[in-house]
Amino acid sequence: MSTLWAGLFCPQLALQARLHAAPIEPHTPLAVHEVLGGCTRIIEANRAAHALGIQPGQKLADALAIAPRLQVRTRCRTTERQLIDRVALAAYHYSHQVAPGDDGMVLEIGASRRLHGNADALLARLLADLDQAGIVVRSGSAPHPAAACLLARHGRHVGDRAALDALLQHWPLDRLGLANREYQRLAGLGIKQLGQFLDLPRFERTRRLGSALNQHIDRLCGRVPTPLNYWRPPEQFRQRLELPCPSDRHEALLFALNRLLDALGHWLRVRDRALAALAVELHPEDRGRAIELEAGLHRPGFDRERLLDILRLKLEPVRLVSPIEALVMRAARTSEACPGQADLWGEHNAGDAWSALLDRLGARIGRERLCGIAPCADHRPEKAWRWTAPGTTATVNGRPDTPEPERPGWLLPEPKPCRINDLRLLDGPERIESGWWDGQDCRRDYWSAHDRHGNRLWVFREYKPHRGWFVHGLFD
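Description of the structure in this document.

What counts as what
Residues numbered from 1 in each chain as written. Predicted model: local features only at pLDDT ≥ 70, side-chain atom pairs only at ≥ 80, totals over all residues. Heavy atoms only, no water. Core = buried A, V, L, I, M, F, W, Y, C linked by side-chain atoms within 4.5 Å. Buried < 20%, exposed > 50% of the residue type's maximum accessible area, 1.4 Å probe, protein only. Helix = DSSP H or I, 4+ residues; strand = E, 2+ residues; numbered from the N terminus. Contact = heavy atoms within 4.5 Å. Axes fitted to C-alpha atoms, helices over the stretch in contact; angles between N-to-C directions. Parallel < 35°, antiparallel > 145°, perpendicular 65-115°, else oblique. Nonpolar A, V, L, I, M, F, W, Y, C, P; charged D, E, K, R; others polar. Pairing = 2+ DSSP bridges. Phe/Tyr/Trp six-rings, centres within 6.5 Å; stacked < 30°, edge-to-face > 60°. Lys NZ or Arg CZ within 6 Å of the ring centre and 35° of its normal. Salt bridge = Lys/Arg side-chain N within 4 Å of Asp/Glu carboxyl O. Patch = residues over 30% accessible without salt bridge, like charges linked within 9 Å, V, L, I, M, F, W, Y side chains within 5 Å. Areas by Shrake-Rupley, 256 points an atom, 1.4 Å probe, with all protein chains shown as cover. Disulfide = S-S within 2.5 Å.

With 60 residues, the main nonpolar core has Leu257, Leu264, Leu278, Leu327 and Met329 as its most contacted residues. Among the elements that make up this core, the one with the highest residue count is helix 13 (residues 250-271) (11 residues). With near-sequence residues (within four places) excluded, leucine 257 lies in contact with Val280, Leu311, Leu315, Leu327 and Met329.

Structure, rendered in structure tokens:
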């Protein structure tokens, strides 16, 4: 299958990054500023700010004079890189060749079409994933990565080299993203389109304009390969989210946690992992000690609604002395992903109800307070079971699955002496002689018997360490 590259471009990356790090109310005017040439200037602004007359390039003081209620934030390269990583994480689900850049990335999708459908369907699904996460991107596609990166800025798509060459012939030079100095030099030569540039002899282009511009154009046309630095998802998941304003309302914290679960779901999907335990840190405004929460899952997987329900139960008893200004979420434990088995008539996994119940009980009363019973490989009835984590059924010593004699549903805490003359023996005897290795050896003959009231009992005659008849259990 032919090679095809998709480009993703993040318009207003600085503004989007700040919004994702600390969301604001809709229709609030917001601008991002940076120090340029020794002066603080606006570099990006949202629609609400544009409506008030705010434009990129304005001095910050002038912008605040025009719009006193304008919200301003300093550009943060770290949050921009985090946003690019989130886009790369979503893109990695569709291609293992993802190469991020300063304000976007390219990914090879030609080999992915067999799995995810044609290029249009693949890109539509990818853009839908990003839109659900609140990330705005433009896409483009071309046979070469440099051309795909360029076309993504303008939302153009070409599928083969001939179509790309025809498109580039009439491509305006002012849409190549060149430095202003280089564009002025080309305009001084009367060159307005890329085709006019390519018609010049190569040695003349190199003499007048230098080799760097020629090399850039050669990459766009696919004449030389484009060097790419491929991205790989991190080994561990950990993300921090700053709240737009400190809050002590549980609803606001759950809303922010829901956003972090988006990124966690993408990470689990591309790493092919299942979540076993989720750790959350709540950082208070007064810089006090962080509040730590852990949401464990009885059956590893990723169910957003269940995780939110568990986190809600974990938050209920927490008293917030100070408002929370930031959240940190990390995958505390993961395991290899193993898809659940759906029922025959639908996609619902009915066997998951038990796990959901255990998760809710563990979140409400604590996982350490839940316990179950599992069999042990021991012939002595009083030692043939143990307390264990709920749902555990494996034996301690790997006892083989062999047919067992009938056992009563209830065992007495301690065997009670009885008179054999008051009982009518039914089935037996079953000899149990065991325990010599731990100093608690016994020798007994077990019977099922009826008492004078018709109750069915499990009784034994003991020879060692004591002698006599005892009642050990009751049948249903």
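We now examine the environment of leucine 220. As for its placement among the helices and strands, leucine 220 is situated in helix 12 (residues 211-221). Taking the relative accessible area as the measure of exposure, leucine 220 reaches 3% and is therefore buried. Separated by 195 residues in sequence, leucine 220 and glutamate 25 have C-alpha atoms that sit 41 Å apart. Among all residues touching leucine 220, those that are not within four sequence positions of it are His144, Ala146, Ala147, Leu150, Leu164, Leu168 and Leu176.

It is worth spelling out the packing of helix 11 (residues 202-209) against helix 12 at this point. Running from N to C, helix 11 and helix 12 cross one another at 130°; their axes reach a closest spacing of 7 Å. Between helix 11 and helix 12, the angle is such that the two are oblique. Between helix 11, through Arg202, Arg205, Thr206 and Leu209, and helix 12, the contact on the second element is made entirely by Ser211, Leu213, Asn214 and Asp218. Classifying every residue of the contact of helix 11 with helix 12 gives 2 nonpolar, 3 polar and 3 charged.

Turning our eyes to something else, we now look at helix 1 (residues 13-21). Most of helix 1 is tucked away: 7 of the 9 residues are buried. All of the buried residues in helix 1 are Leu13, Ala14, Leu15, Gln16, Ala17, His20 and Ala21. Next to the buried residues of helix 1 lie strand 2 (30-36), strand 3 (39-45), helix 4 (77-92), strand 8 (238-247) and helix 13.

Strand order across the open sheet formed by 4 strands is 5-6-1-7, with antiparallel pairing between neighbours. With one partner strand each, in any of the chains shown, strand 5 (98-100) and strand 7 (138-142) form the two edges of the open sheet. For this sheet, the mean inter-axis angle between neighbouring strands, taken without regard to orientation, is 20°. Along the sheet, helix 7 (residues 145-152) contacts strand 1 (5-9), strand 6 (104-108) and strand 7; its crossing angle with strand 7, the most-contacted strand, is approximately 145°.

Let's shift gears to the packing of aromatic side chains. Applying the stated criterion to the full structure yields 5 aromatic pairs. Taking the centre distance of 6.0 Å and the plane angle of 45° together, the rings of phenylalanine 237 and tryptophan 267 count as tilted. Placement of phenylalanine 237 in the loop between helix 12 and strand 8 and of tryptophan 267 in helix 13 is noted, with a sequence separation of 30 residues between them. One exposure class covers both phenylalanine 237 and tryptophan 267, and it is buried. Centroid distance tyrosine 446 to phenylalanine 460: 4.9 Å. Interplanar angle 45°. Geometry classified as tilted. A residue pair is termed long-range when its members are at least 10 positions apart, and tyrosine 446 in strand 16 (residues 442-450) and phenylalanine 460 in strand 17 (residues 456-464) qualify at 14 residues. Each member of the pair, tyrosine 446 as well as phenylalanine 460, is classed as buried. Three or more aromatic residues joined by ring pairs make a cluster, and in this case those are Tyr446, Trp458, Phe460 and Phe470. If you follow arginine 444 out to its NZ or CZ, it ends over the ring of phenylalanine 460, 4.8 Å from the centre.

Another aspect to go through is the sheet that holds strand 16. Taking strand neighbours across the sheet as the criterion, the 5 strands line up as 14-18-17-16-15 in an open arrangement whose pairing is antiparallel. The outermost strands of the open sheet, each flanked by one partner alone, are strand 14 (410-417) and strand 15 (424-434). Recorded for the sheet is a direction-independent mean angle of 25° between the axes of neighbouring strands. Where strand 16 and strand 17 come together, 8 bridges link them in antiparallel fashion. Bridged to arginine 443 within strand 17 is lysine 464.

If you walk through the whole model with that rule in mind, you get 21 salt bridges. With its nearest N and O atoms 3.7 Å apart, the salt bridge here joins arginine 269 to aspartate 129. Here arginine 269 is found in helix 13, whereas its partner aspartate 129 is found in helix 6 (residues 119-132), with 140 residues between them in sequence. Residues arginine 407 and glutamate 430 are paired through a salt bridge, measuring 2.8 Å at the closest nitrogen-oxygen approach. Of this pair, arginine 407 sits in the loop between strand 13 (385-388) and strand 14 while glutamate 430 sits in strand 15; the two residues are 23 residues apart in sequence, bridging distant segments of the chain. Residue classification places arginine 407 among the partly exposed residues on the basis of a relative accessible area of 34%. The partly exposed category is assigned to glutamate 430, whose relative accessible area is 22%. A network of salt bridges, in which partner residues are shared, links Glu34, Arg75, Arg77 and Glu80.

All right, on to a nonpolar patch on the surface then. On the surface, Ile373, Trp385 and Trp387 cluster together to form a nonpolar patch covering roughly 380 Å² of accessible area. Structurally, tryptophan 387 is set in strand 13.

Pairing of strand 9 (residues 273-284) with strand 10 (residues 291-301) involves 7 bridges; the strand directions are antiparallel. Counterpart to leucine 278 in the pairing with strand 10 is alanine 295. Taken together, strand 9 and the strand that follows it, strand 10, pair antiparallel across an intervening segment of 6 residues, in which arginine 287 is found at a positive phi of about 60°.

Looking now at the packing of helix 1 against helix 4. Following both chains from N to C, one finds helix 1 and helix 4 inclined at 85°, their axes separated by 8 Å at the closest point. Between helix 1 and helix 4, the angle is such that the two are roughly perpendicular. Taking contact as the criterion, the partners of Leu13, Ala14, Gln16, Ala17, Arg18, His20 and Ala21 in helix 1 are, on helix 4, Thr79, Glu80, Leu83, Ile84 and Arg86. Here the residues of the contact of helix 1 with helix 4 sort into 6 nonpolar, 3 polar and 3 charged.

Tallied over the full model, the rule gives 0 disulfides. The closest cysteine sulfur to the non-disulfide-bonded cysteine 10 is located on cysteine 149, 11 Å from its own sulfur. In this structure cysteine 10 comes out as buried when scored by relative accessible area, which is 2%. Free of any disulfide, cysteine 245 has its nearest cysteine sulfur in cysteine 76, 19 Å distant.

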